[in-house]
Amino acid sequence: MSASHQATGLQGPWRRVIYVTIYEIIAIIASGLLFIVIGQQPGESGVMAVAASVIAVLWNVSFNAAFEWWEARQSVKGRSVARRVAHAIGFEGGLALILIPLMAWWFEVTLWQALVMEGALVVFFLVYTYVFNWGFDHFFGLPASAQAGV
């Protein structure tokens, strides 16, 4: 591969490690505060925020690996608004399917109440995920899967 066709910016496993670390630190703080704002106790909120973060890290690594595998096979390169929206919805939707039953159990609320809580979190996290990914890509560069000519 010539120098003009090599991926630029942060690539490979370190890209994922740095991405997940920064994303989840912010997510733990934000989700803990959001649980408190929607009426949960601070101690329970903190534990749930950390548990959700651990689950989210595992989901994040799996989902992003699959997304980038799919993305690398697309004829159109780059990350359009539509592709970023699809990424955010896919990530948050899958995570919600895992977290709703866990929140219902942990907070001792109905699945409906957990769904409402998750709805508030999803609204926040959809925006956060989109903005975070945009900022991360601008700061660290696009992954090789999204770069033209790589």
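A. Representation of the overall build of the chain. Across its full length, the chain holds four helices and zero strands. Starting at the N terminus, the α and β elements of the chain follow one another as α-α-α-α. Seen along its three principal axes, the alpha-carbon backbone of the chain occupies a region of about 60 × 25 × 20 Å. Every one of the 150 residues in the chain was classed for burial, and the buried ones make up 37%. Intrachain contacts of the chain at a sequence separation of at least 6 include 73% that bridge at least 24 residues.

B. Just the packing of helix 1 (residues 12–37) against helix 4 (residues 111–140), in detail. At their nearest, the axes of helix 1 and helix 4 sit 11 Å apart, and the two run at 150° to each other. Considering the angle they form, helix 1 stands roughly antiparallel to helix 4. Handedness of the crossing formed by helix 1 with helix 4: right-handed. Facing helix 1, whose interface residues are Arg15, Ile18, Tyr19, Ile22, Tyr23, Ile26, Ala27, Ala30, Ser31, Leu34 and Phe35, helix 4 presents Leu121, Phe124, Phe125, Tyr128, Thr129, Phe132, Asn133, Phe136, Asp137 and Phe140.

C. Up close: the environment of Ser45. Relative to the elements of secondary structure, Ser45 occurs in helix 2 (residues 42–72). Overall, the relative accessible area of 0% leaves Ser45 in the buried class. Residues Ser45 and Ala30, 15 residues apart in the sequence, show an inter-C-alpha distance of 11 Å. Apart from the residues lying within four places of it in its own chain, the contact partners of Ser45 are Gly32, Phe35, Ile36, Gln40 and Phe107.

D. How the structure looks around the packing of aromatic side chains. Counted according to the given criterion, the structure contains 19 aromatic pairs. Geometrically, the ring pair formed by Tyr23 and Phe91 is edge-to-face, given 6.3 Å between the ring centres and 80° between the ring planes. Here the residue Tyr23 occupies a position in helix 1, and Phe91 occupies one in helix 3 (residues 81–107), the gap between them amounting to 68 residues. For Phe91, a relative accessible area of 2% corresponds to the buried category.

E. Spatial organisation of the nonpolar core. Core analysis: the biggest nonpolar cluster contains 25 residues, and Tyr23, Met48 and Met103 have the highest contact counts within it. Listing elements by their share of this core, those giving two or more residues are helix 1, helix 2, helix 3 and helix 4. Here the element with the most residues in this core is helix 3; it accounts for eight residues. With sequence-adjacent residues up to four places away left out, Tyr23 is seen in contact with Asn60, Phe91, Glu92, Phe125, Tyr128, Thr129 and Phe132.

F. Structural detail: the confidence of the model for the chain. Scored by pLDDT, the chain has a mean of 85; 90% of the residues are at 70 or more. Averaged pLDDT values for the elements of the chain fall to 87 in helix 1 and rise to 91 in helix 3.

Conventions adopted
Residues numbered from 1 in each chain as written. Predicted model: local features only at pLDDT ≥ 70, side-chain atom pairs only at ≥ 80, totals over all residues. Heavy atoms only, no water. Helix = DSSP H or I, 4+ residues; strand = E, 2+ residues; numbered from the N terminus. Buried < 20%, exposed > 50% of the residue type's maximum accessible area, 1.4 Å probe, protein only. Contact = heavy atoms within 4.5 Å. Axes fitted to C-alpha atoms, helices over the stretch in contact; angles between N-to-C directions. Parallel < 35°, antiparallel > 145°, perpendicular 65-115°, else oblique. Left-handed = near helix turned anticlockwise from the far one by under 90°. Phe/Tyr/Trp six-rings, centres within 6.5 Å; stacked < 30°, edge-to-face > 60°. Core = buried A, V, L, I, M, F, W, Y, C linked by side-chain atoms within 4.5 Å. pLDDT = per-residue confidence, 0-100.

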